[in-house]
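Listed here are the chains, written in short residue letters.
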Amino acid sequence: MSQYKFDYLDELESEAIHIMREVAGQFERPALLFSGGKDSITLVHLALKAFRPGKFPFPLVHIDTGHNFPEALEFRDNLAREIGEKLIVRNVGDTIKAKKLTEPIGKFASRNALQTHTLLDTIEEFEFDCCIGGARRDEEKARAKERVFSVRDEFGQWDPKRQRPELWNLYNGKIHKGENVRVFPISNWTELDVWNYIKRENIPLPSIYFTHEREVLEYDGQLVALSEFIRLDEGDKVAKKHVRYRTVGDMTCTAAVESTAYSIDEIITEITATRTSERGETRIDDKVSEAAMEDRKKNGYF
């Protein structure tokens, strides 16, 4: 007789797989948003459990700003190739040219907000009626307002006051033509849950999640990787430090943290001791205003 003990990670996994299968059953043209970051890698792992030995009922889609970490892009391509699933990449740079958008300027000239234009164009191009994302409620206060099935109107906009109840894990995917649903299967997971699951499932990750030596700009209490996408000014303090990344966005808007965590066990110990959310500590773009993330989400952001 099996002595396996069903624990909280099994419950989270089961819920996420159920949500993914609900997407497959309720939508005609879904997609999984995949950046090569730990949360979207976890989603791919869950999709493998949900649908293998069959193929995914959706492609992987990445909205590439052109400012991404090379390590994450390499991992993205290798994973898609390894599992044999379709990867669709659309570039923000192409959108900027086609729509004659204003290229951001400044010290940290992030294209992060412009991803929305490319995402909405991609949804229209492929007629996606659902996009699966790796957002979690513990990341940021605007994320905490999301339902698991989050309906966007025909313009891609989100209204936090017009969300559907989700009682007893029942999800309503009915939408009008032109509308779109963002689905978040790991919405009820925390950062620590993700890392404990990655450890249990032995899920490979890009190297930047683990401590490595990197040249960084020390700016306003944050450590930003040197790259061609940021502007160095006279008097800027640059140093080599041992750092890792808690979250992976653009090189222009994601700061590193000093760390000696070379293994998953050490990362889990580090996260357990911290009192700051990963986005709160490391995402420069979320510090533009108190409602920076919510404003972007209302306009169609992930």
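In the block above lies the structure referred to throughout.
Criteria and cut-off values
Residues numbered from 1 in each chain as written. Predicted model: local features only at pLDDT ≥ 70, side-chain atom pairs only at ≥ 80, totals over all residues. Heavy atoms only, no water. Patch = residues over 30% accessible without salt bridge, like charges linked within 9 Å, V, L, I, M, F, W, Y side chains within 5 Å. Areas by Shrake-Rupley, 256 points an atom, 1.4 Å probe, with all protein chains shown as cover. Salt bridge = Lys/Arg side-chain N within 4 Å of Asp/Glu carboxyl O. Helix = DSSP H or I, 4+ residues; strand = E, 2+ residues; numbered from the N terminus. 1 Å grid on protein atoms, 1.4 Å probe; cavity = no way out; pocket = protein on both sides within 12 Å on 5 of 7 lines; lining within 4 Å. Points joined across faces, edges and corners; volume = space filled by probe spheres on them. Nonpolar A, V, L, I, M, F, W, Y, C, P; charged D, E, K, R; others polar. Pairing = 2+ DSSP bridges. Axes fitted to C-alpha atoms, helices over the stretch in contact; angles between N-to-C directions. Buried < 20%, exposed > 50% of the residue type's maximum accessible area, 1.4 Å probe, protein only. Phe/Tyr/Trp six-rings, centres within 6.5 Å; stacked < 30°, edge-to-face > 60°.

### Quick notes on a nonpolar patch on the surface
Together, Leu-167, Trp-168 and Leu-170 make up an exposed nonpolar region whose accessible area comes to about 420 Å². Here Leu-167 shows up in the loop between β5 (149-152) and β6 (180-183).

### Quick notes on the layout of surface pockets
By volume, the largest pocket amounts to about 570 Å³. What lines the largest pocket is a set of 22 residues, and nearest its centre among them are Ile-123, Glu-124, Phe-128, Gly-178 and Glu-179. For the lining of the largest pocket, the element with the most residues is helix α5 (residues 115-126), which contributes 6 residues. The residue inventory of the lining of the largest pocket, partitioned by class, reads 5 nonpolar, 6 polar and 11 charged. Put simply, the second largest pocket is a space of about 280 Å³. Lining the second largest pocket are 13 residues; nearest its centre among them are Val-151, Asp-153, Asp-159, Arg-162 and Glu-179. Residues that form the lining of the second largest pocket fall into these classes: 2 nonpolar, 4 polar and 7 charged.

### As for the sheet that holds strand β7 (residues 212-219)
In space, the 4 strands of this closed barrel follow the order β7-β8-β10-β9, with antiparallel pairing throughout. Taking each pair of neighbouring strands and ignoring which way they run, the sheet shows an average axis angle of 60°. In the sheet, β7 pairs with strand β8 (residues 222-225) via 4 bridges, with the strands oriented antiparallel. Across the sheet, Tyr-219 pairs through a bridge with Gln-222, a residue of β8.

### Some remarks on the pattern of salt bridges
Scanning the entire structure with this criterion turns up 25 salt bridges. Lys-107 is the salt-bridge partner of Asp-233, the closest N and O atoms lying 3.0 Å from each other. Highlighted residues: Asp-233 in the loop between β8 and β9 (237-244) and Lys-107 in the loop between α4 (92-99) and α5, separated in sequence by 126 residues. For Lys-107, a relative accessible area of 10% gives the class buried.

### Quick look at the packing of aromatic side chains
Under the definition given, this model contains 10 aromatic pairs. For the ring pair Phe-108 and Tyr-219, a centre distance of 5.2 Å and an interplane angle of 70° mean the geometry is edge-to-face. Remark: Tyr-219 occurs in strand β7 and Phe-108 occurs in the loop between α4 and α5; sequence separation between them is 111 residues. Overall, the relative accessible area of 18% leaves Phe-108 in the buried class. Tyr-219 gets classed as partly exposed once you look at its relative accessible area, which sits at 36%. What links up through ring pairs into an aromatic cluster is the set Phe-27, Phe-149 and Tyr-171.

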